[in-house]
Amino acid sequence: MEALLATAIGVLTACGVFLILRARTFPVLLGLTLLSYAVNLFLFASGRLRLDAPPLIGAAASPTDPLPQALVLTAIVIGFGMTAYLAMLALRALAESGGDHVDAAEEP
Amino acid sequence: MELPINSSLLLAAIPATAFGACLLPLLLQRFGRAVTGLAATTVMASCLALLLPLTPAALAGQTELLHLAWLPTYGLDLNLRLDGLGLLFCLLILGIGLLVVLYAAWYLPSSDPLGRFYSILLLFMAAMLGVVLSENLLLLLVFWELTSLSSFLLVAYNSEKYESRIGARMALAVTGGGGLALLAGILLLGHIVGSYDLSAILAAGERVRTHRLYAPALMLILLGAFSKSAQFPFHFWLPNAMTAPTPVSAYLHSATMVKAGVFLLARLYPVLGSSDLWFWLVGGSGAITLVYGATIALFRHDIKGLLAYSTISHLGLITLLFGLDTPLSVIAGLFHIINHAIFKASLFMAAGVVDHECGTRDMRRVNGMFRYMPITATLAIIAAGSMAGVPLLNGFLSKEMFFAEAVSYPQFAAIGWALPLFATIAGMLAVAYSSRFVHDVFFNGEPIDLPRQPHEPPRWMRAPIELLVLLCLLVGILPAWTVGRLLEAAAGAALQGPLPDFHLALWHGFNQPLLMSLLALTSGVLIYALRRPLFAWQDQLPPMHPRTAFERFYRTLTKGARRMIALLDNGSLQRYCALLVGFVVLLGGWAFFSASGRSEARLPGVAADEAAVGALLVLLLGTLGATALYRNRLLALILVSVVGLAVTLTFIRLSAPDLALTQLAVEMGTIVLMLLVLYYLPARNTPASSARRLIRDLLLALLAGGGLALTTLQMLAAPSATISEFYLQQSLPGGGGANVVNVILVDFRGFDTLGEITVLAMVALASHALLDRLILHPPQRDADGRAWASEAHPLFLSMLMRPLLPLALTVSVYVFLRGHNAPGGGFVAGLITSVALVLQYLANGIAYAQPRMPRHAVRLLALGLCLTAGIGLASWPFGRPFLTSAHGHVHLPLIGDVELASAMVFDLGVYVVVVTVVVSVLAGLGQLSLRLDAPHEEA
């Protein structure tokens, strides 16, 4: 399971980074989303992987680490906020510059 | 006897008064020059008055200490110290300061309101007092840098002149750079001793000198001291700083700031001195500076230039005396500090008078001034005599002590004649340039082509010079009676040990030093007599322009910096991201490969089943597909949402129900958001990236991905050390909830959550700013040329969604209420509600949904934040810290036993903020199309 998760995180990161380095705003947004998944999973994994041990008192004999989950929960919501902000920025840039290049400039 | 508390208070009051009152002249400027000058005088005089009660103890060899904690963890405290050395410098700073204040009032043009000048001068004085009164070396450095800054302002006082600005900049660059070296040196010294307090450092001399870091610490500290005291090869800033108004030169460049460097030598002498390295570095630098400065001084045609190089030479002499490293030479150095300050300040003031009266300082034109200003001329001649070392004047005494030290110096027995010869040559040169100053300016025929008709200066402009020259005579004739005790006290502080047997007297008998003095006097005059061939010889030498060289260096440096910035900061987001990722990869790789203990770690075995492998496959397919097909935007978006679902499933499988719920709800919001963006973005095909860029990006991506994967494996293999035991144990008794994640969010770490929802609220506010008056033209056709569907809101969807809304709201209330004990809570409930509301927009259109929505997003945001912060504040009246929660059980009919916690109000605030943010952002984006003309809306 650990190896699978590490693979997933690695692939998500690689694809996220690749998309972030594109010149158009939309791939950058997608890349950021993928990178958020990767980072959230990574933070989550710092609490170690446990099956059937939700951090609810009484639900499991030894619940998993709740702290990374709390951190990731807010990270997910903040990540949405950031994506939304960037999306609006992209639209504003589109209106101001007439294009969707990340530097508001056309590539030669 | 005075109470100790009183004297500590007095000690603290000196710099406090100086700093506190330094703006007084500027504030009183509008009442006229007289009031402004009086204010500056009063501040200086008050500092002097505060110092006087402390003087007897300091003269008796006692050290007054004051400890005030500032940043004790960093070793930086407001610790002050007054001993003999500090007293000597305080008297110089305040005494000459008072005279300079008086002098400047007459020197500066009457159009200058003086407020700015005096305020900077007082700031400088305060910083200088801080330097000499600091007990803590870091504090000393703070004041040290303040003197550099305030002297920059003073040198550039006539800021409309290019020369002034350049001179000030050079002075700041050199002394500021030296300050950096000094900081490093002080840090090393503090590291060796374990304290930055002088009391501890002065007692640790032996430990410091045998430490392996002694040499670098010494060199760095000397760099600071030498650059401040204009020692070769850092001397060049001082002549260029002569563009300062003459009162500034008299104060900073003769008596105080340039003495800060030698003060530091004296201060740290007990710790750093007494080693061969000290002897060669300090003595060598001092000796070179002494002769070099004296030689150049002879050839300067500008009066202030001559005085500046003479100052460099005399500072070299003082440095050399400290470098000779015997108790008597240190005493001679301290004595020369006093003497040089007195005669050089008066000479600068006299030069200012000549400049003021003649309009020029060129000695080739200013001649025969004796006839026009006999009194000033007499005063200047006496002071110049002191500079040359003529008997009966104070300069003679310290020069004699120097000669005596040179004769009796114990080292180099084989070449015992070298040091005396060297000293005599330096003395000859001093006589020569002093003769030139006296003869060229005051005699030597008639003035040539002066801009003004010279005459005696105003009475009060001359008064400071008169007083200083009187001191020259008094100290020169009655040294023991005038400065004996002060010098003993200062020497006691500088040596930190028993004083050698010495007595200040005019007549020591007919001995070798006297012979050397006579030789220097006669041959000095002879050198001056030979000046014409010397000047002719100097004229054909290649010209030296330290200023242009420095300027060139400075320009090259700034050009290099600009090029660097252009390389890193070229306005391309792609480059920034690539640099950022590359740097993180480098940093992570370095940390990864330099970490130890990797081999022992073993992966725990959570068995992977078919479902996990399947989920991974789906995730990989979605991720890679979206990346490969990112040009096909809609498809890529759908694939990314598949990835999101796979992540959600991962959370469910790995015991994180709250995360799964949140991720699922956020996923819906993200997709709607992305679709909206996609709707507006131009659909045209974009040019492909170049192969080079593709390779670079792929490489970065692979490195980043591989690195994070390896790091994850490494992390999972490492033994888990968690701080969560506390949360698990206290969740039920302390927070009143069984869902530990939710209790952490709203209770244990509520303050974090408060910060996070504030960030979210900012996003909503930013959406207002970004979308304000934004006009976008939605496309009429898609990328394949097909027209957009005219049926805006499918009836089926619209009919289905309306009854779904109450259902969804009920679910979110349920999820909210149970959140404290089961998966759910404010975040999840807020997201569910917002998705339900956004679906109304989608299904029925903005025209339908907008009027039915809660308005005033800003007020709702404020409400949510107030709820969270307010419930946190509510714990204060109960005497509990911010965000302490309370909880209890309430039995409600039908629903049963409900646990009510104050944290629920907090969660409600979170809920309100989340709903407002998501709805206002998405609705705001959706509304953009409404702003267009009717035909567009119809489409």
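Residues numbered from 1 in each chain as written. Chains lettered and ligands numbered in written order. Predicted model: local features only at pLDDT ≥ 70, side-chain atom pairs only at ≥ 80, totals over all residues.

**Student:** In this structure, what is going on with the overall build of chain A? I would like to understand it.
**Tutor:** When helices and strands are counted, chain A shows three helices and zero strands. Along chain A, helices (α) and strands (β) appear in the sequence α-α-α when read from the amino end. Viewed in the frame of its principal axes, chain A has a C-alpha envelope of about 60 × 25 × 15 Å. Across the 108 residues in chain A, those meeting the buried criterion constitute 65%. Of all intrachain contacts in chain A linking residues separated by at least 6 positions in sequence, the fraction that spans at least 24 positions is 48%. (Helix = DSSP H or I, 4+ residues; strand = E, 2+ residues; numbered from the N terminus. Buried ≥ 20, exposed ≤ 12 C-beta atoms within 10 Å, placed from the backbone. Contact = placed C-beta atoms within 7 Å.)

**Student:** Where do I start with the overall build of chain B in this structure?
**Tutor:** When its secondary structure is counted, chain B shows 39 helices and four strands. Over its C-alpha trace chain B gives a radius of gyration of 40 Å, far above what one expects of a compact globule, namely 30 Å for 939 residues. Principal-axis analysis of the C-alpha atoms places the extent of chain B at approximately 120 × 60 × 60 Å. Burial status across chain B gives 49% buried among its 939 residues. (Rg over C-alpha atoms; globule rule 2.2 N^0.38 Å.)

**Student:** Explain the interface of chain A and chain B here, please?
**Tutor:** Size of an interface: often given as the accessible area lost when the parts come together. The interface is formed by 77 residues belonging to chain A together with 96 residues belonging to chain B. The set of elements that each furnish at least two residues to the side of chain A that touches chain B consists of α1 (2-20), α2 (25-45) and α3 (66-97) of chain A. Among the elements that make up the side of chain A that touches chain B, the one with the highest residue count is α3(A) (23 residues).

**Student:** Help me understand the confidence of the model for chain A, please; the structure alone is not making it clear to me.
**Tutor:** Detailed reading of the predicted coordinates is not advisable wherever pLDDT falls low. Taken over all residues, the pLDDT of chain A has a mean of 87, while the share at 70 or more is 96%. No element of chain A has a lower mean pLDDT than α3(A), at 89, and none a higher one than α2(A), at 93. (pLDDT = per-residue confidence, 0-100.)

**Student:** How do you make sense of helix α30 (residues 691-717) of chain B when you look at a structure like this?
**Tutor:** Between its terminal C-alpha atoms α30(B) stretches 38 Å, which fits the 39 Å expected from 27 residues at 1.5 Å a residue. Those residues of α30(B) that sit buried are Asp697(B), Leu700(B), Ala701(B), Leu703(B), Ala704(B), Gly705(B), Gly707(B), Leu708(B), Ala709(B), Thr712(B), Leu713(B) and Leu716(B). (Expected span 1.5 Å × (residues − 1).)

**Student:** Explanation requested: the environment of Phe335(B) in the structure shown.
**Tutor:** Residue and element names in this part refer to chain B. Following the sequence through the fold, Phe335 ends up in helix α17 (residues 327-358). A residue is classified by how many C-beta atoms lie within 10 Å of it, and Phe335, with 27 of them, is buried. Along the backbone, Phe335 and Gln538 are 203 residues apart, and their C-alpha atoms lie at a distance of 34 Å. Not counting residues within four places of it along the chain, the set of residues in contact with Phe335 comprises Leu397, Ser398, Met401 and Leu487.

**Student:** Just checking my understanding: could you explain the environment of Asn844(B) for this structure?
**Tutor:** Residue and element names in this part refer to chain B. Its location among the elements puts Asn844 in helix α35 (residues 826-844). Classification of Asn844 as partly exposed rests on a count of 19 C-beta atoms within 10 Å. The spatial distance from the C-alpha of Asn844 to the C-alpha of Leu797 is 8.2 Å, given a sequence separation of 47 residues. With residues near it in sequence (within four places) discarded, Asn844 still touches His793, Ser798, Met801 and Ala849.

**Student:** Can you help me understand unusual backbone geometry in this one?
**Tutor:** It is generally the case that most residues other than glycine have a negative phi and that most peptide bonds are trans. Residues and elements named next belong to chain B. Following Phe232, the chain continues to Pro233 via a peptide bond in cis, the omega torsion being 5°. With respect to the helices, strands and loops of the structure, Pro233 is situated in the loop between α11 (214-228) and α12 (237-240). Of note, Ser274 is a non-glycine position whose phi angle comes to about 60°, a positive value. Accessibility expressed as a C-beta count within 10 Å gives 14 for Ser274, which makes it partly exposed. For Asn444, which is not glycine, the phi torsion reads 60° and is therefore positive.

**Student:** I keep staring at the nonpolar core and nothing clicks. Help me out?
**Tutor:** Across soluble globular proteins, nonpolar side chains show a tendency to be buried alongside one another. Judged by nonpolar contacts, the single largest core of 207 residues is most densely connected at Leu122(B), Leu129(B), Leu334(B) and Ala383(B). In terms of residue count, α17(B) provides more of this core than any other element does, 19 residues in total. Among the nonpolar cores identified, the runner-up in size contains 135 residues, and Val11(A), Leu94(A), Ala704(B) and Leu716(B) belong to it. (Core = buried A, V, L, I, M, F, W, Y, C linked by C-beta atoms within 7 Å.)

**Student:** What is the right way to look at helix α13 (residues 246-255) of chain B in this model?
**Tutor:** Residues that lie three or four places apart on an α-helix share one face, since the helix turns once every 3.6 residues. For α13(B), a buried count of 10 out of 10 residues is recorded, marking the element as mostly surrounded by other parts of the structure. Within α13(B), the full set of buried residues consists of Thr246(B), Pro247(B), Val248(B), Ser249(B), Ala250(B), Tyr251(B), Leu252(B), His253(B), Ser254(B) and Ala255(B).

**Student:** Can you walk me through the packing of helix α5 (residues 84-107) of chain B against α17(B) in this structure?
**Tutor:** Residue and element names in this part refer to chain B. Between α5 and α17, whose axes approach to 11 Å, the crossing angle comes to 5°. Taken together, the axes of α5 and α17 are roughly parallel relative to one another. Of the residues in α17, those in contact with Leu88, Leu92, Ile96, Tyr103 and Tyr107 of α5 are Leu334, Ile338, Ala341, Ala345, Met349, Gly352 and His356. The residue makeup of the contact of α5 with α17, split by class, is 10 nonpolar, two polar and no charged. (Axes fitted to C-alpha atoms, helices over the stretch in contact; angles between N-to-C directions. Parallel < 35°, antiparallel > 145°, perpendicular 65-115°, else oblique. Nonpolar A, V, L, I, M, F, W, Y, C, P; charged D, E, K, R; others polar.)

**Student:** Just to check I follow, could you spell out the packing of helix α20 (residues 418-442) of chain B against helix α23 (residues 512-529) of chain B for this structure?
**Tutor:** Helix packing geometry: the angle between the two helix axes and the distance between the axes. Residues and elements named next belong to chain B. Contact geometry for α20 and α23: axes closest at 7 Å, N-to-C directions at 45°. For the element pair α20 / α23, the angle class is oblique. Of the two elements, α20 crosses α23, and the hand of that crossing is right-handed. Contacts between α20 and α23 involve Pro420, Ala423, Thr424, Gly427, Met428, Ala430, Val431, Ala432, Ser435 and Arg436 from the former and Met516, Ser517, Leu519, Ala520, Leu521, Ser523, Gly524, Val525, Ile527 and Tyr528 from the latter. The residue makeup of the contact of α20 with α23, split by class, is 13 nonpolar, six polar and one charged. (Left-handed = near helix turned anticlockwise from the far one by under 90°.)

**Student:** So what exactly am I meant to see when it comes to the environment of Ala168(B) here?
**Tutor:** All names here are of chain B. Of note, Ala168 is situated in helix α8 (residues 162-193). For the pair Ala168 and Ile14, spaced 154 residues apart in sequence, the C-alpha to C-alpha distance is 28 Å. Setting aside chain neighbours within four positions, we find Ala168 in contact with Phe152, Val155 and Ala156.

**Student:** Would you mind going over the confidence of the model for chain B with me for this structure?
**Tutor:** All names here are of chain B. Taken over all residues, the pLDDT of chain B has a mean of 86, while the share at 70 or more is 93%. Note on residues 933-939: pLDDT is under 50 here. Beyond four places in sequence and across chains, it has eight contacts. Across the whole predicted complex the pTM is 0.71, and at the interface the ipTM reaches 0.94.

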